Every structure is written in structure tokens, then in C-alpha cells.
Amino acid sequence: MTSPMLSTDMTATLQAALDAAAAARAAYTVPPGGHRLLATGLGYASNARIIVAGDLYNDHGPAVGTHYCLTNRSGGRVSNVTIIGAGGAFVGSASDPAGATRKGLGIVATDGFTVIGVATAGPLTGFGMEIKNSSGGHINGLALRSGVNRPGADGLHFFGACSRVTGSGIVVRSGDDALSFTAENHESIDAVMERITLTTMTLDSAAFSCIKFFTSPTTGRAAIRKVTLTGIKGRITEGPTGCPLIMQNTGAGQGCVIEDITIANADLDFGAATQDGPTAYLTDCRNVTLRNVTLRGRRNGQFLRAIRCTGLRVTGEVWDTIPGNSMNDLVQLEYCSDYDVNLIVRSATGARIGTLRVRNAGADTGIRYIGMTGS
């Protein structure tokens, strides 16, 4: 539970305390209470060790240069940063000026970081936690329960040139994408994101995606690769939109890649989403393995739709939770090559009603619509 936000702007007071602790190479504890950040967010330095006992309220608007509660505001790279949750949270203020983007914790341009037990709460209109252009980190025990049902209110967001990050025990309930990996806009030109391994996660999104990979046509030859996600349970909780798993390489034309991705032991549910479309949607990806996945509740589309993908390997189950759906278009593969899909088909009650199996070591020149292939 968060403490009420007090009226006094605590930005300068808390920043002075953070700076003094950094200069002395000492840990700093955010004191209990609801601390209002009105002027701007707080900044950490190299070798910082910050214990979050109190709540930091993001109450600054869109005109401020940074929109995080806490991040690297030095303008350069920093290293060896530790942030530990101790009952406090990064919180969005209830006030909502037009266009305000309020984020929680930003791990930005940081080499060597540890984030343990951190929580977010309240109506954050931006990312709950963002890892941006950072390397060599470990995250554990996150509880990112915040965000409003609007674009941009992601739970845990990886952006740009990130590498060598591990994590576990992550719970997200977000307004936008629960877990996202993106290379987009001018800030991630030719960025390489790689070697990220996360396990044991609950990823609920109000109306967008449980897991999202995305590249943009404005990023040069950016790459997202060597990402492994295991032990996942995710759901779309509100709708009216949503796609539990999306891997969208819209920058393929200029050489962007999404490749060598493994998602294993995952249960992803369309939940309350109401629009038509696939449960998992992949475009222009290479060497994607979905192993022991359960996809639930397609919306008059396919459980899996892949376009121009190569090296796709899929095993697991699909549960058709809407009665009356056609069973002759469970998987749709468009101009794909070198794929192997092997799925058990179940009804909403879990009763096994068939199987689906399709393989091709070559390349398709058209679209395949695949239904049940056996009982």
C-alpha cells in the first residue's frame, strides 16, 4: 500500500541527499512517506545504492526534460548501480495534465546494475520500469502493478542497445504492453539488443500485449536477438484490443532483425480482448522457438499467424475458448520457410479435440491455412 502524496515538492531535498550519499560512497534510503516530485525526477550516479522505503510520486508534466521518478540524469554513462525496494514504490500522481508522460524507474545508459524488489503503483502514463541502452544487469522480484489503459503505459520496457541482462520473479499488470523489447525512433539507430534471459513471470496487459518485440523503419539496421523467456503466464485483462504475443519487425526493409528468440513454458490468454485477430502474430522474424506454449482464446482469427518468417519451431497446445470458431484456420503461414509446428488442439473445457502438424524444410510461395490434422 502506498502512502498519500504530501503537498511539498521534495525534489531538491531528496536529490541533495542522493548526491551526498553518492559522494560518500554510502547507501541512501528514501525515507517512508509519500514524496512529491514536482520539479523533475531524481537522478542516480555511479556506485549508487538506493533503498526505496518511501513512495516517490511522479507529479511533473510534459514540459520537463525527463519524465521518470528516478533515472540517470547525468548526460553520460554511469556504472555499478543498485536499487532495492523496501516497501516503497514509484507512483504516478492522480493529476493528469494533457500529454503528460510519467514513468517510474529508468535504468538508462548504465553498465552494471541490480534492481531487486522494486514496485510501481498508481496511474503511471509511461513505462513502469524502462531499461534503455544499458548492459550487465540483474533484476529480481519486481512488482510492476501500475499504468493506465493507454498506449505507452508499458510495464517492463527494454529499449535500444541493451545486453547481458538476466531476471526472474517478475509480476506486471500494465496498461499497455506488459513486457516489451523495442528498437524505435532516432534514439535507437543501429542499436543491438541481445543476450537477455528472463524467467518466472506473470505478464498481464489491460488491452495491448503480454509480450511484444518491435522494430521501426526509423532505426537503421537495428537488431533484437538472443532473447530467452521462460515460465510465463499472461493475459489480456480488459480489451477491447490485444494480442498476447506480437513480434513485429516493421524495420525489415532497411535491415532490422528479430532473431534467435526462445519463449518456453508459456501460457498466454486472449482474456477479455474483443477484436478479431491472432493470439500470436509474427512478421519477418528468424529462428523463433515457441516451446511448450499454450495459446488460449483466439478472436475469430488464428492462434498463430506468421508472415515471411524463417526457422519457426512451435510446440504446445491451443485452447479455443470461443464456441463456434472455424477449425480450418488455426494457424496461418504466409510466405514462410523452414518451419515445424506441432500443436494439440483443445476445447474451452480442456478436452482434446485434435492435433495440428505442419512442416516444411523449404519455402512457401503463398499462404497456408492450417486446421486440425488428426485426433
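S.K.: Hey, could you go over empty space enclosed by the protein for me, with residue numbers and the actual values?
M.R.: Using the criterion set out here, one finds 1 cavity of 30 Å³ or more in the structure. In this structure, the largest cavity spans a volume of roughly 60 Å³. Broken down by secondary-structure element, the contributors of at least two residues to the lining of the largest cavity are α1 (11-23) and β5 (49-52). Element by element, the count of residues in the lining of the largest cavity is highest for α1, at 5 residues. Grouping the constituent residues of the lining of the largest cavity by class yields 9 nonpolar, 2 polar and 2 charged.

S.K.: Lay out the nonpolar core in plain terms, naming residues and giving numbers.
M.R.: Ranked by internal contacts, the top residues of the largest apolar core, which has 84 residues, are I139, F158, F181, F213 and L229. Counting 6 residues, the second-largest nonpolar core is a separate cluster that includes Y57, A89, V91 and A143.

S.K.: Describe the pairing of strand β11 (residues 110-116), naming the residues involved and giving the relevant values.
M.R.: With 6 bridges joining them, strand β8 (residues 78-85) and β11 adopt parallel strand pairing. Following the sheet pairing, T82 is matched in β11 by T114.

S.K.: Let's hear about the pairing of strand β22 (residues 245-249): which residues, and what values?
M.R.: β22 sits mainly inside the fold: 4 of its 5 residues count as buried. When strand β20 (residues 211-215) meets β22, the two strands line up parallel, connected through 5 bridges. Looking across to β22, one finds that F213 is bridged to M247. Relative to strand β24 (residues 280-283), β22 runs parallel, the two sharing 4 bridges. Considered in β24, the bridge of I246 is made with Y281.

About the criteria used
Throughout this description, residue numbers start from 1 for each chain and increase along the sequence as written. The model is predicted, so local features are restricted to residues of pLDDT at least 70 and side-chain atom pairs to those at 80 or more, both for listing and for counting; the totals for chains, interfaces and linings are taken over all residues. Note that the side-chain values use all heavy atoms of the structure and ignore hydrogens as well as water. A 1.4 Å probe that fits but cannot get out identifies a cavity on a 1 Å grid over protein atoms alone, an open set with protein on both sides within 12 Å along at least five of seven lines counts as a pocket, and a residue lines either if it has an atom within 4 Å of a point. Grid points are joined across faces, edges and corners, and a volume is the space filled by probe spheres set on the points. A helix here means a DSSP run of H or I that spans at least four residues, while a strand means a run of E at least two residues long, and both kinds are numbered starting from the N terminus. We call Asp, Glu, Lys and Arg charged. Ala, Val, Leu, Ile, Met, Phe, Trp, Tyr, Cys and Pro are nonpolar, and the rest, Gly among them, are polar. Here, nonpolar core refers to any group of buried Ala, Val, Leu, Ile, Met, Phe, Trp, Tyr and Cys residues whose side-chain atoms link them within 4.5 Å. Buried, partly exposed and exposed residues are distinguished by accessible area as a fraction of the type maximum, computed with a 1.4 Å probe on protein chains only: under 20%, between the cut-offs, and over 50%, respectively. If DSSP finds at least two bridges between two strands, the strands pair.

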